[in-house]
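If you want the building blocks of each chain, they are given just below.
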There are 4 protein chains.
Amino acid sequence: MNVWYTEEHTPGVRLSMKIEQHLYSGQSEFQKIDVLQTTEFGKLLTLDGLVMLTEKDEFIYHDMIVHVPMATNPNIKKVLVIGAGDGGTVRELTKYETIEQIDMVEIDKMVVDVCQEFIPLTASKLTDPRVNLFFEDGLKFVRTKENEYDLIIVDSTDPFGPGEGLFTKEFYGNCYNALNEDGILVNQHESPFYAEYALSMQRAHNRIVEFFPNCHVYQAHIPTYPSGHWLFGFASKKFDPIKDLDVAAWNALDLKTKYYNTEIHVGSFALPNYVKEQLEDAE
Amino acid sequence: MNVWYTEEHTPGVRLSMKIEQHLYSGQSEFQKIDVLQTTEFGKLLTLDGLVMLTEKDEFIYHDMIVHVPMATNPNIKKVLVIGAGDGGTVRELTKYETIEQIDMVEIDKMVVDVCQEFIPLTASKLTDPRVNLFFEDGLKFVRTKENEYDLIIVDSTDPFGPGEGLFTKEFYGNCYNALNEDGILVNQHESPFYAEYALSMQRAHNRIVEFFPNCHVYQAHIPTYPSGHWLFGFASKKFDPIKDLDVAAWNALDLKTKYYNTEIHVGSFALPNYVKEQLEDAE
Amino acid sequence: MNVWYTEEHTPGVRLSMKIEQHLYSGQSEFQKIDVLQTTEFGKLLTLDGLVMLTEKDEFIYHDMIVHVPMATNPNIKKVLVIGAGDGGTVRELTKYETIEQIDMVEIDKMVVDVCQEFIPLTASKLTDPRVNLFFEDGLKFVRTKENEYDLIIVDSTDPFGPGEGLFTKEFYGNCYNALNEDGILVNQHESPFYAEYALSMQRAHNRIVEFFPNCHVYQAHIPTYPSGHWLFGFASKKFDPIKDLDVAAWNALDLKTKYYNTEIHVGSFALPNYVKEQLEDAE
Amino acid sequence: MNVWYTEEHTPGVRLSMKIEQHLYSGQSEFQKIDVLQTTEFGKLLTLDGLVMLTEKDEFIYHDMIVHVPMATNPNIKKVLVIGAGDGGTVRELTKYETIEQIDMVEIDKMVVDVCQEFIPLTASKLTDPRVNLFFEDGLKFVRTKENEYDLIIVDSTDPFGPGEGLFTKEFYGNCYNALNEDGILVNQHESPFYAEYALSMQRAHNRIVEFFPNCHVYQAHIPTYPSGHWLFGFASKKFDPIKDLDVAAWNALDLKTKYYNTEIHVGSFALPNYVKEQLEDAE
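Residues numbered from 1 in each chain as written. Chains lettered and ligands numbered in written order. Predicted model: local features only at pLDDT ≥ 70, side-chain atom pairs only at ≥ 80, totals over all residues. Heavy atoms only, no water.

S.K.: Give me the lowdown on the overall build of chain A, citing residues and values where you can.
M.R.: Counting its regular elements, chain A contains ten helices and twelve strands. Overall, the C-alpha framework of chain A stretches about 55 × 45 × 35 Å when taken along its three principal axes. Counting over 283 residues, chain A shows a buried share of 67%. A separation threshold of at least 6 residues defines the contact pool for chain A, and within that pool the share at least 24 residues apart is 66%. Carbon and sulfur atoms provide 48% of the accessible area of chain A, an area that totals close to 9,700 Å². Averaging the locations of the 24 positively and 44 negatively charged side chains of chain A gives two centres separated by 2 Å. (Helix = DSSP H or I, 4+ residues; strand = E, 2+ residues; numbered from the N terminus. Buried < 20%, exposed > 50% of the residue type's maximum accessible area, 1.4 Å probe, protein only. Contact = heavy atoms within 4.5 Å. Areas by Shrake-Rupley, 256 points an atom, 1.4 Å probe, with all protein chains shown as cover. Lys, Arg positive; Asp, Glu negative; His and termini not counted. Charge placed at Lys NZ, Arg CZ, Asp CG, Glu CD.)

S.K.: Can you explain the domain arrangement of chain A? Please cite residues and give values.
M.R.: Residues and elements named next belong to chain A. Taken domain by domain, chain A holds domain 1 (4-54) and domain 2 (58-282). Listed per partner, the contact involves 24 residues of domain 1 and 23 residues of domain 2. Taking both sides of the interface into account, the surface hidden between domain 1 and domain 2 amounts to around 2,000 Å²; carbon and sulfur atoms contribute 72%. In this assembly, domain 1 and domain 2 are joined by zero salt bridges. Put simply, domain 1 and domain 2 have five residue pairs in polar contact (both at pLDDT 80 or more) between them. Per element, the largest residue contribution to the side of domain 1 that touches domain 2 is six residues, and it comes from strand β2 (residues 13-27). Of the residues that constitute the side of domain 1 that touches domain 2, the class distribution is 15 nonpolar, six polar and three charged. (Domains from an automatic or database assignment. Buried area = accessible area lost by both parts, 1.4 Å probe. Salt bridge = Lys/Arg side-chain N within 4 Å of Asp/Glu carboxyl O. Polar contact = N/O pair within 3.5 Å; in protein donor to acceptor, adjacent residues only side chain to side chain. Nonpolar A, V, L, I, M, F, W, Y, C, P; charged D, E, K, R; others polar.)

S.K.: If you had to explain the packing of helix α7 (residues 195-208) of chain D against helix α10 (residues 273-282) of chain D to someone new, which residues and values would you point to?
M.R.: All names here are of chain D. Between α7 and α10, whose axes approach to 8 Å, the crossing angle comes to 50°. Between α7 and α10, the crossing angle belongs to the class labelled oblique. The handedness of the crossing between α7 and α10 comes out as right-handed. Residue-level contacts link Ala198, Met201, Gln202, His205 and Asn206 of α7 to Gln278, Leu279, Asp281 and Ala282 of α10. Here the residues of the contact of α7 with α10 are counted per class, giving four nonpolar, four polar and one charged. (Axes fitted to C-alpha atoms, helices over the stretch in contact; angles between N-to-C directions. Parallel < 35°, antiparallel > 145°, perpendicular 65-115°, else oblique. Left-handed = near helix turned anticlockwise from the far one by under 90°.)

S.K.: If you had to explain the packing of aromatic side chains to someone new, which residues and values would you point to?
M.R.: With the rule as written, the count across this model stands at 64 aromatic pairs over all chains. Pairing Trp250(A) with Tyr260(A) gives two aromatic rings, centres 4.8 Å apart and planes at 75°, and the pair type is edge-to-face. Of this pair, Trp250(A) sits in helix α8 (residues 247-252) while Tyr260(A) sits in the loop between α8 and α9 (262-267), and the two are ten residues apart along the sequence. Tyr260(A) gets classed as buried once you look at its relative accessible area, which sits at 0%. Residues Phe171(D) and Tyr172(D) carry aromatic rings whose centres are separated by 5.8 Å and whose planes lie at 55° to one another, so their mutual orientation is tilted. A relative accessible area of 1% means that Tyr172(D) is categorised as buried. (Phe/Tyr/Trp six-rings, centres within 6.5 Å; stacked < 30°, edge-to-face > 60°.)

Rendered as structure tokens:
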């Protein structure tokens, strides 16, 4: 079957994946949810027709959004995850025995249900006893919290559609308040390469630096995301992701990771000149 | 005009670029050469239908293939460049006043002619008086050299077609001999993400480690190459690309670069675990 | 969801249909069977990845393969249908109360099962009491019959894969024998426009004219088939499809047809000059 | 080079042609003009990105738009052609020695210039001494003519963009006046298969029947046009295209045609039931 899924990254660039089978298609209250079996990437999850994850490269994203903050502060015990309905972020968090509580707030229960049925690779640890699932608006949830979390991970969709509120100034301010004094905020931070994404990235950065004294941006290469060059934001009240990294402590945990290691932790904060300039322009 | 160029990265993945105009098409003795005006990437050069470079992201490749060795050993004076008919590698090399001689060996004169006419962005410095152009087989050229160069850069096509010989054991051995005792060999090293490219990468690595005492691999994100995750090999007789990096010296040169800086120099050698394993398997 | 099915009609031509949902995918003993929901064409049935029918234009094919012979000889009572697992040909035949028996021989039971579940538009009349379903090789089935049928309709796939035997000289000879003296053979006859299809068409024509005294070719426009210009073969022992057409008799039946009428019956035998030349070359 | 031109026939259907070379691209005062070398269809002319003709199937269109009226009235001497900048319609007209004058009115001189340079297959007869080229608006040109022409051929683009005026009531009324009492109007009449084209076709038909006592529609199969099923309008003051067809006279001319013959002339007026219904609805 010559069937291809195509994502238009810009009006002049398309990435296409060959499809073996369309496993699921549904419309939730918030968005269209599809799971497709691809030839190259295993299963593909799309929301409103845009790539969320593929089984082949999700490990890069989830390693980098979780292990960077966890290796910076090994004492993280209470974590809030916003979005992340596929479960991959929670899966990586549950590898840490020291974590006591994971609150996950996903607006769309159907995403979780679909991933539990079709993509156990990412969703299998959502049943961990430390995980509390809240199916509500992350923006509202975080408003009610104060001085509670060691780590907030914002694992959102792009800043249009349901994910839009998770890129606002109000949201980042509420995250600041919901974090305790050791608190770290990590968020998916869009991409610097194509103009439209770079603008989203600059806007997010501009809003985060208003609240947090320590703001850093790090990168990973995620082949199925637009341009593949993807950024994460690291903001904290007191931790520095490089100086405070405890290499020996993290390695002593002996976690199995396919992408992350403590050298790449450090290396990922070294940004190309043009990205540094984009960030400086945004500050 | 709804006209698109598509490269098949694997039988299940395609990257497509919208085309505004087909500026040039020709058949040389060695390969088909095309220059296309794209909507997103400026001009696109293809050889035998495969992406060689685009104006939008060539700076990443050329920064990383040139400045990493040059910052490691600021005393490099005599350089051999193999392939690189587009001129981008030479353009970056000519930024160093300390370089005295650049021998560039490109098998296909037509590539140089076409790039000089259509892609001055990369080709404009091929007329620098320090540059000697040799239109011959790099494999044969290097056989005749001994103890001559401080740096050899192998800026080849993929290891099929005209570029095949530049991935052989014999070739790497001859490069070793052509280098003096300070010599550094840098080569484009394919990609770890898709299986077929990973295999080429492992083969190249396996052959290089036989000759050079210091072998390292570093990475960059090049959006228009398959998976975007691209590797370079750094092999030398005595230099270590991290320990010997002289940050102050390089920064004192005050070169303008859009991607490279000395932090990314170091960061680029931090590889994901799965790539480290591929390299260990190959050794 | 930006998902498209593409059929390559020649190495230089592709027709693509937007897909809403992949309703079914299965592998039978003989071929891969898929049903897809398209945006423009309703449901699409493919065998081994090639278009068999779409709900939007199947009426053209089925009208023309059935009503042309039926209007030529209103006394047809016993019909053999070979292939046609989707049921569309049988659906049109069952409109004639005068038909007493329809033997349908489809090699692949799974095609029938899938169409009965997913494409009732064509398959709904397979349960007519006059229809006998035989799931076996049409080539073998017809070998055992002599002087039995008034009409044989060969509604086959293209002459590669399971349908290959239905384009052989042996098969057409056996059809001749299986027909009584009033017998008519109608077959899908490929297309004159693209070279590869024209060759199949000429081969089929060449083999049929060896056996039947009256051989004619007629055409219809089927938008989802390669080039859209499609041919049917009409071969008989004594009937002429134009001279023997009884316009009044057919119109008196008052059948509802979306494509066929008695003027188009006549008009469809008027072929373009280049097609006439192809047929003459083949004779 | 894996480069493809794609025309979107509807939001759910695309036809793609492989491109060898982009021969010409220009912007006239009226539209974007491109000539591309395709793998399957020879040269392709597009206006504003839409297929106008290909060398492989233009003969079908030009045969049917010219020979149907010419065979109906062999005494045609003075012809007005509107649009048709590629020259194919004029090429067919010049085959008739009996024609004394061909006035061709094409709004866009650049189309003619480009076709004369790149597509001599259609444009070569524009230099015939009987041809007068007028580069002006056909709508305005025809307003000034009365009782002058034996035949008007409207060989326009689709009824959006520059061709829009050629589908208006005013235009058809002016054509009626510009024709003498023997006058015939033939126009490209869009397609019945896809909804949007069918609507254009019905609108055109509705406007023509207001003026002409004899209105007929005939069809041809043009593989590179949307759905391939294409219609032409035949309207006249006194001639009937079937009853007045003089088969012997036309055949005596011994013209070489690849598609047209007098049987297909008659056959092309036999329309499918669903098209007849569309036309009746429009009347």
